[in-house]
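Listed below are the residues making up each chain.
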Amino acid sequence: MALSAKTIPLSALEGICPFQSAFWAALKSRNGWSGHAFSVDGTSYSGTVLVLSRTFIRGFSMAYVPMGFPGGIDPAELLEFSHQAASVLDPRPMMIRYDLDWGNAEDGWNGLVRCSSSIQPVGTVRIDLTQDLDFKDRVRRNLRKEDAVIVRRWDGDEDTFSSWYDTYVHTAVRDHFHARSRQYMRSIFDIMDHAVEPNLYMAYSDGIISGGIITLRTRHEEVYLFGSSLKHTGNVSCGYALQVHAIMEARSAGVEVYDLFGIDGRDEVDGHLSSLTTFKTSFGGTRVYRPVTMDYDCRPLSAGLFRTVDSMRYRFARGGRI
């Protein structure tokens, strides 16, 4: 059967993955991206796909598929989807950039150009919440240290959000990553979408907000998105207490998978995510990997020039990937 791709309303996106939802399209529209939804019917994949597009200057645009094709798609069918999607996007993009979902093979993508760096992490830890949890000794030890930490879900108070955001900026400076603006972070909670529920869990130590994490929940999975942590009395932090609380809340809500989103790639040794890899793998679960970011070039000369400039930019501003 030949693959077919038809445009559909954004509201028709299945939203199994938060990054493939109308919610994500609305959030990214605040940064200049436009969302386009497709219904795909093929042999290897049948479902919906969110494509984001952005025009930089007149006639110079690109498209991007964030964490697309859950469960996997055949490389030949991905090329056919690319051809059909490019023909209906206006203006026609110079490229369609893909970050494929975890269900896709790491290699074998002939016809696509592998990028020198990935927008989204190529490795993660996914915890099956339908099975018994398997926290490692590292988690248990740190939970004992953090036994005085109290975790609460954000109640909507603006001053409380500002206090949490201060801890996020502090964490960004300390850990050398690019902090998202307060406006962007706050806007996550202004988007009304029945398919995706944002959560902000805040940790209190000695009565003071000492950190927090933002997660996105769909009916199938909950994904850890952003986090912060400060150290208080006795050099105690709050990271383990926060994640365990979020995992247990997701499980209680009937979610099947908790995704810690972001560890080193399979072949990376002491990579820039090494400390996070140690932290996230301590909660058990399964390490999974996906292909690096890849491009389908619609206009090869323009796409090649863009990759060169983008690679230089990435080296100078390696930070938040979402």
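That block above? That's the structure.
Residues numbered from 1 in each chain as written. Predicted model: local features only at pLDDT ≥ 70, side-chain atom pairs only at ≥ 80, totals over all residues. Heavy atoms only, no water.

Which residues make up the pairing of strand 9 (residues 197-205), and what values do they have?
Counting buried positions along strand 9 gives 8 out of 9 residues, so the element sits mostly inside the fold. Across 4 bridges, strand 8 (residues 150-153) lies against strand 9 in antiparallel orientation. Among the inter-strand pairings, Arg-152 is bridged to a residue of strand 9, identified as Met-202. Here strand 9 runs beside strand 10 (residues 208-217); their pairing, made up of 9 bridges, is antiparallel. Pairing of Met-202 across the sheet is with Gly-212, part of strand 10. If you look at the hairpin formed by strand 9 and strand 10, you'll find 2 residues sitting between the two strands, and Asp-206 has a positive phi there, around 55 degrees. (Buried < 20%, exposed > 50% of the residue type's maximum accessible area, 1.4 Å probe, protein only. Helix = DSSP H or I, 4+ residues; strand = E, 2+ residues; numbered from the N terminus. Pairing = 2+ DSSP bridges.)

Give a description of empty space enclosed by the protein that names residues and reports values.
A full pass over the atoms with the stated rule returns 2 cavities of 30 Å³ or more. For the largest cavity, the calculated volume is near 60 Å³. Contributing to the lining of the largest cavity are Glu-14, Gly-15, Ile-16, Cys-17, Gln-20, Tyr-45, Thr-48 and Pro-70. Per-class residue counts for the lining of the largest cavity are 4 nonpolar, 3 polar and 1 charged. Counted as a void, the second largest cavity has a volume near 30 Å³. (1 Å grid on protein atoms, 1.4 Å probe; cavity = no way out; pocket = protein on both sides within 12 Å on 5 of 7 lines; lining within 4 Å. Points joined across faces, edges and corners; volume = space filled by probe spheres on them. Nonpolar A, V, L, I, M, F, W, Y, C, P; charged D, E, K, R; others polar.)

Tell me about the sheet that holds strand 11 (residues 221-229), and please be specific about residues and values.
Ordered by their spatial adjacency, 7 strands build an open sheet running 8-9-10-11-12-7-13, and the pairing between neighbours is mixed. One side of each edge strand has no neighbouring strand; the edge strands of this open sheet are strand 8 and strand 13 (286-289). The sheet shows a mean angle of 30 degrees between the axes of neighbouring strands, taken without regard to direction. Sheet topology note: the strand 7 (residues 123-128)/strand 13 ladder contains 4 bridges and is antiparallel. (Axes fitted to C-alpha atoms, helices over the stretch in contact; angles between N-to-C directions.)

Can you lay out the pairing of strand 11 for me, pointing to particular residues and giving the numbers?
Taking burial as the measure, the 9 residues of strand 11 include 9 buried ones, the bulk of the element. Where strand 11 meets strand 12 (residues 257-259), 3 bridges bridge the pair, whose relative direction is parallel. Its bridge partner lying in strand 12, Val-223 is registered against Asp-259.

Account for helix 2 (residues 75-88), naming residues and giving values.
Helix length check: helix 2, at 14 residues, gives a terminal C-alpha distance of 21 Å against a target of 20 Å (1.5 Å per residue), a fit within 8%. Listing the buried residues of helix 2 in full gives Glu-77, Leu-78, Phe-81, Ser-82, Gln-84, Ala-85 and Ala-86. Packed against the buried residues of helix 2 are strand 1 (4-8), strand 2 (34-41), strand 3 (46-57), strand 5 (95-100) and strand 14 (294-297). By the N-cap criterion, in which a side-chain oxygen at the helix start approaches the backbone nitrogen of a residue two or three places on, helix 2 is capped by Asp-74, the distance to Ala-76 being 2.9 Å. (Expected span 1.5 Å × (residues − 1). Contact = heavy atoms within 4.5 Å. Polar contact = N/O pair within 3.5 Å; in protein donor to acceptor, adjacent residues only side chain to side chain.)

Quick one: what's the story with the pattern of salt bridges, residue by residue and with numbers?
For the coordinates displayed, the defined rule picks out 18 salt bridges. In this structure, Glu-106 engages Arg-266 in a salt bridge whose closest nitrogen and oxygen atoms are separated by 2.5 Å. Here Arg-266 lies in the loop between strand 12 and helix 7 (274-281) and Glu-106 lies in the loop between strand 5 and strand 6 (113-114), a separation of 160 residues in the sequence. Between Arg-140 and Asp-137 there is a salt bridge, with its nearest N and O atoms 3.2 Å apart. Linking Arg-140 with Asp-137, this pair stays in helix 3 (residues 137-145), spanning 3 residues, or about one helical turn. Classification of Arg-140 by relative accessible area gives partly exposed; the value is 41%. The exposure class of Asp-137 is exposed, given its relative accessible area of 52%. Residues joined by salt bridges that share partners form a network here, namely Arg-97, Asp-295, Asp-297, Arg-307 and Asp-310. (Salt bridge = Lys/Arg side-chain N within 4 Å of Asp/Glu carboxyl O.)

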